[in-house]
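Commentary on secondary and tertiary structure
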Amino acid sequence: MTAPFRVPVRVETERLVLRHWDPDRDVDDYHALIVDNADRLRRWMPWAAHEPLSRADHAQWLAQCAAWAEQGGRTFLAITDAATGRVIGSAGLHPTNSPRTREIGYWLAHGSVGRGLATEVVVALTEVALGSARANRIEILTLPDNASAIAVARRAGFHDEGLTHDTHAGVPMALWAAGHTWNGPCRVRRIAR
Ligand SMILES: CC(C)(COP(=O)(O)OP(=O)(O)OC[C@H]1O[C@@H](n2cnc3c(N)ncnc32)[C@H](O)[C@@H]1OP(=O)(O)O)[C@@H](O)C(=O)NCCC(=O)NCCS
């Protein structure tokens, strides 16, 4: 069996720090962020159908994220503003059914869109996935009419592979992919393992 890949605990880019969620330190920020953005998340992300859940549910979720990150493999990261440390969104780098394919997910708080930050996240996680996370293919799944998310995938240098199905929710999803020929701009400045 292939050993699980590990995502660095901290990835620094020009404007962001992507870091593993800390259940104790982050629960209030995470809960507030979800409550504040629940309408947008429900609209575009199948996993968010029942958000906003309670603070206790979110505490349990972050504890689960920490356990996954510790084991290696499925990894959720806080997207934070490098200048202030403020949490402004969440990203994921996950295994798939194919051993060397990873999936990237991302969302930003409404106040942080329109600055190219999601593209910065996707480019950085693609670099990480093709490097230390031993992938040779990265996928992004979006609802087919999620123009903002598709624009991020396109800007980050992914190509359109048509429709597939969300393995969890079973709904049709647009599939965007990048492989070992990906030649995106280098955005990672520093990595802490
Ligand atoms: C999808 C989502 C993350 C996209 O966020 P975004 O801010 O539009 O995407 P980016 O961070 O790449 O920013 C792009 C915008 O910033 C602008 N921009 C400003 N400065 C920029 C820079 N330095 N570099 C790149 N773009 C820049 C671009 O022109 C573009 O503006 P436009 O939307 O008016 O064309 C956000 O809409 C979201 O969180 N949606 C809800 C959840 C969701 O759908 N997640 C994806 C599920 S797959």
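Because the structure is predicted, anything quoted here is derived from the model rather than measured.

Cut-offs applied
- Residues numbered from 1 in each chain as written.
- Predicted model: local features only at pLDDT ≥ 70, side-chain atom pairs only at ≥ 80, totals over all residues.
- Core = buried A, V, L, I, M, F, W, Y, C linked by C-beta atoms within 7 Å.
- Buried ≥ 20, exposed ≤ 12 C-beta atoms within 10 Å, placed from the backbone.
- Helix = DSSP H or I, 4+ residues; strand = E, 2+ residues; numbered from the N terminus.
- Contact = placed C-beta atoms within 7 Å.
- Near = placed C-beta within 6 Å.
- Pairing = 2+ DSSP bridges.
- Axes fitted to C-alpha atoms, helices over the stretch in contact; angles between N-to-C directions.

Here the focus is the nonpolar core. The tendency in soluble globular proteins is for nonpolar side chains to be buried side by side. L18, I79, A91, I104, V121, V122 and L125 are the most contacted members of the largest nonpolar core, which has 45 residues in total. Element by element, the count of residues in this core is highest for helix α3 (residues 117-130), at ten residues. Other than its neighbours up to four places away in sequence, A91 contacts L18, L77, I79, I104, G105, Y106, V121 and L125.

All right, on to the environment of A118 then. Among the structural elements, A118 can be located in helix α3. For the pair A118 and R100, spaced 18 residues apart in sequence, the C-alpha to C-alpha distance is 23 Å. Residues in contact with A118, not counting those within four places in the same chain, are Y106, L108 and V152.

In the vicinity of the ligand lie 21 residues, with W44, V113, G116, A118 and T119 positioned nearest. Of all the elements in the fold, those that place two or more residues in the shell around the ligand are α1 (23-44), β5 (101-108), α3 and α4 (147-155).

Before going further, it helps to spend a moment on the pairing of strand β6 (residues 137-142). The side chains of a regular strand alternate, first on one face of the sheet and then on the other. The element β6 is largely enclosed, with a buried count of five among its six residues. Two elements, β5 and β6, share three bridges in a ladder whose sense is parallel. Note on β6: the bridge partner recorded for T101 is R137. Strand direction decides the pairing type here: β6 and strand β8 (residues 172-179), joined by six bridges, are antiparallel. Looking at β8, one finds that L141 is bridged to L175.

Looking now at the environment of C186. Structurally, C186 is set in the loop between β8 and β9 (190-192). With 9 C-beta atoms packed within 10 Å, C186 lands in the exposed category.

Further remarks concern the sheet that holds strand β4 (residues 87-95). One open sheet accounts for nine strands, arranged β7-β8-β6-β5-β4-β3-β2-β1-β9; its pairing is mixed. In this open sheet, the two edge strands, each paired with only one partner strand, are β7 (159-165) and β9. This sheet shows a mean twist of 25° between the axes of neighbouring strands, independent of strand direction. Where strand β1 (residues 10-12) and β9 come together, three bridges link them in antiparallel fashion.

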